[in-house]
Amino acid sequence: MSQYSSLSNSLGPVVADLRSDTVTKPCTAMRAAMAEAEVGDDVYGEDPLVNRLESSLAERLGKEAAVFVPSGTQSNLLGMLAHCGRGEEVIAGESYHVIRYEAAGASVLGGVALQALPVAQDGGLDPSAIASAVKEEDIHHPISRLLSLENTNYGRAVPLARINAGVEAGRALGLSTHLDGARFFNAITALGCSERELAAPFDTVSVCLSKGLGAPVGSVLLGPVDLMTKARRMRKMLGGGMRQAGILAAAGLFALERNVARLTEDHQRADALAAHLRALDIGPVTQATNMVFLTPVPGVDLGGLAAYGIATSAPDPACRMVLHRDIDEAAFAHVLSAFDAIAAQRGAA
Ligand SMILES: Cc1ncc(COP(=O)(O)O)c(C=O)c1O
């Protein structure tokens, strides 16, 4: 089953939408910042807030330049296409978004091969597996060009030591490096490292503003000027050049200023939910940053959650629940008591 489940028709009013942190809606203050945004034509490079978003985030992460794009998928695609030409190859983890959930865009649009490696327990890749995946120069082989890592991966904040070891292994064999940091700020929150420390090993980094940070739209690709110039050209080619995009950049700037520190709350709630589920003993539970996965034991019917107005997503066989800023104290308490009721009905059917 896809992890991207639509809200079921059987669901009544939604009390807690735990399918993803992408469901977060802009708060009143963010909407006000968007309404007041000073705008210009960003394709001409004249939108002041897009320019501010790109330069301030580049400064924060220690990169030369940045490009504001509509989505994380486009940001990763531009990153891969900026690094790789036709017949070249990206090496990434088999469960990573670039491999599994981006419709093979780099292959379809850029003639780029995607080589998937097993993902380790911590969400990282084994350095020796990276080294063995790099192909020697031979007319039969694709040209190995880019190592693409992901942090967080299924909520797991991949430790810096693991990241650095993988990057070192790839660089020693001539690979460039990209980070899919859709949840970059969840990763630094969990790892306790600085934004620059997490970004430093990578040539290019993609971060999303529209997940736990609560902006309605937008991601930013960051890296050296030459690659960002290529990415900007390809953004235009893909139809991603936006005009008065400052309305969206205003939301992104608001999110970066106001919503990073509070991610700790989502992580704490995820931890509390995981502890509650473990105490109910209804199946194995794993939790990392803002995500909780439950694999219900036979007799526990999670279909019943819909009746409580709770939406989850279902990457087989586990149920995924993502904590985010739109789950307030009352909604969270409701989720805990719904699970109490489901556990009490266990095997009753
Ligand atoms: C790890 C990861 N990378 C990239 C993306 C793509 O982001 P978008 O949905 O903005 O295209 C997602 C989306 O959830 C994601 O989870």
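Residues numbered from 1 in each chain as written. Predicted model: local features only at pLDDT ≥ 70, side-chain atom pairs only at ≥ 80, totals over all residues. Heavy atoms only, no water.

All right, on to the side chain of N290 then. Residue placement: N290 occurs in the loop between β9 (285-288) and β10 (291-294). Setting aside chain neighbours within four positions, we find N290 in contact with D21, R183, N186, D266, H267, A270, M321, V322 and L323. (Helix = DSSP H or I, 4+ residues; strand = E, 2+ residues; numbered from the N terminus. Contact = heavy atoms within 4.5 Å.)

As a further point, take the site of the ligand. Around the ligand sit S71, G72, T73, N76, H97, E102, E150, D180, A182, R183 and K211, and that is every residue in its neighbourhood. One of the backbone nitrogen or oxygen atoms of G72 is found 2.8 Å away from an oxygen atom of the ligand. At a separation of 2.6 Å, an oxygen atom of the ligand approaches a polar side-chain atom of T73. Out of a free accessible area of 390 Å², the ligand has 83% covered by protein chains. A class-by-class count of the residues in the shell around the ligand yields one nonpolar, five polar and five charged. (Near = heavy atom within 4 Å. Polar contact = N/O pair within 3.5 Å; in protein donor to acceptor, adjacent residues only side chain to side chain. Areas by Shrake-Rupley, 256 points an atom, 1.4 Å probe, with all protein chains shown as cover. Nonpolar A, V, L, I, M, F, W, Y, C, P; charged D, E, K, R; others polar.)

On to the sheet that holds β10. Picture the strands of a sheet paired through backbone hydrogen bonds; they go either parallel or antiparallel. Read from one edge of the open sheet, three strands run β9-β10-β12, paired in antiparallel fashion. Bordering the open sheet on either side are β9 and β12 (319-322), each of which pairs with just one other strand. When strand polarity is set aside, the average angle formed by the axes of neighbouring strands in this sheet is 15 degrees. By the bridge criterion, four bridges tie β10 to β12 in an arrangement that is antiparallel. Looking at β12, one finds that M291 is bridged to V322. (Pairing = 2+ DSSP bridges. Axes fitted to C-alpha atoms, helices over the stretch in contact; angles between N-to-C directions.)

Following both chains from N to C, one finds helix α3 (residues 72-83) and helix α10 (residues 225-237) inclined at 120 degrees, their axes separated by 9 Å at the closest point. When the axis of α3 is compared with that of α10, the two are oblique. In the crossing of α3 with α10, the sense of the turn from one axis to the other is right-handed. On the side of α3, the interface is formed by Q74, L78, L81, A82 and H83, while α10 contributes L227, K230, A231, M234 and R235. Each residue belonging to the contact of α3 with α10 can be placed in one class, and the counts come to six nonpolar, two polar and two charged. (Parallel < 35°, antiparallel > 145°, perpendicular 65-115°, else oblique. Left-handed = near helix turned anticlockwise from the far one by under 90°.)

To continue, consider the domain arrangement of the protein. For the protein, the domain assignment lists domain 1 (16-25 + 262-344) and domain 2 (37-258). The gap between the C-alpha centroids of domain 1 and domain 2 is 29 Å. With 15 residues of domain 1 at the interface, the matching set in domain 2 holds 16 residues. For the pair domain 1 and domain 2, the two sides together bury roughly 1,200 Å², of which 59% comes from carbon and sulfur. (Domains from an automatic or database assignment. Buried area = accessible area lost by both parts, 1.4 Å probe.)

Quick look at empty space enclosed by the protein now. Taken as a whole and assessed by the stated rule, the structure comprises one cavity of 30 Å³ or more. The volume enclosed by the largest cavity comes to roughly 50 Å³. Lining the largest cavity are G181, A182, R183, F184, F185, N186, V207, C208, K211, G212, L213 and L263. Partitioned by chemical class, the residues of the lining of the largest cavity number seven nonpolar, three polar and two charged. (1 Å grid on protein atoms, 1.4 Å probe; cavity = no way out; pocket = protein on both sides within 12 Å on 5 of 7 lines; lining within 4 Å. Points joined across faces, edges and corners; volume = space filled by probe spheres on them.)

The next thing to look at is the nonpolar core. In this structure, F68, F184 and F185 are the most contacted members of the largest nonpolar core, which totals 72 residues. Considering each element in turn, this core owes the most residues, eight residues, to helix α11 (residues 246-258). In contact with F185, not counting residues within four places along its chain, are L57, R60, E195, V207, L213, L256, V260 and L263. A16, A270, L273 and C319 belong to the second-largest nonpolar core, a separate cluster that totals 26 residues. (Core = buried A, V, L, I, M, F, W, Y, C linked by side-chain atoms within 4.5 Å. Buried < 20%, exposed > 50% of the residue type's maximum accessible area, 1.4 Å probe, protein only.)

Another aspect to go through is the environment of K25. The topology assignment puts K25 in the loop between β1 (16-17) and α1 (28-35). Overall, the relative accessible area of 58% leaves K25 in the exposed class. Taking the C-alpha atoms as reference points, K25 and L213, 188 residues apart in sequence, are found 9.8 Å from one another. K25 has contacts with G214 and D326, leaving out every residue within four places of it along the chain.

In spatial order, the strands read β2-β8-β7-β6-β5-β3-β4; together these seven strands make up an open sheet with mixed pairing. Two strands in the sheet have a free side with no partner beyond their single neighbour: β2 (65-69) and β4 (113-117). Here the average twist between neighbouring strands, direction ignored, is 20 degrees. Judged from the five bridges that link them, strand β3 (residues 88-93) and strand β5 (residues 143-150) form a sheet pairing that is parallel.

Further remarks concern the pairing of strand β8 (residues 219-223). Looking along a regular strand, one sees the side chains alternate between the two faces of the sheet. A large share of β8 lies buried, amounting to five of its five residues. Of the two faces of β8, both are covered, the one formed by S219, L221 and G223 as well as the one formed by V220 and L222. Sheet analysis places β2 next to β8, joined by five bridges and oriented antiparallel. By the bridge assignment, V69 is partnered in β8 with S219.

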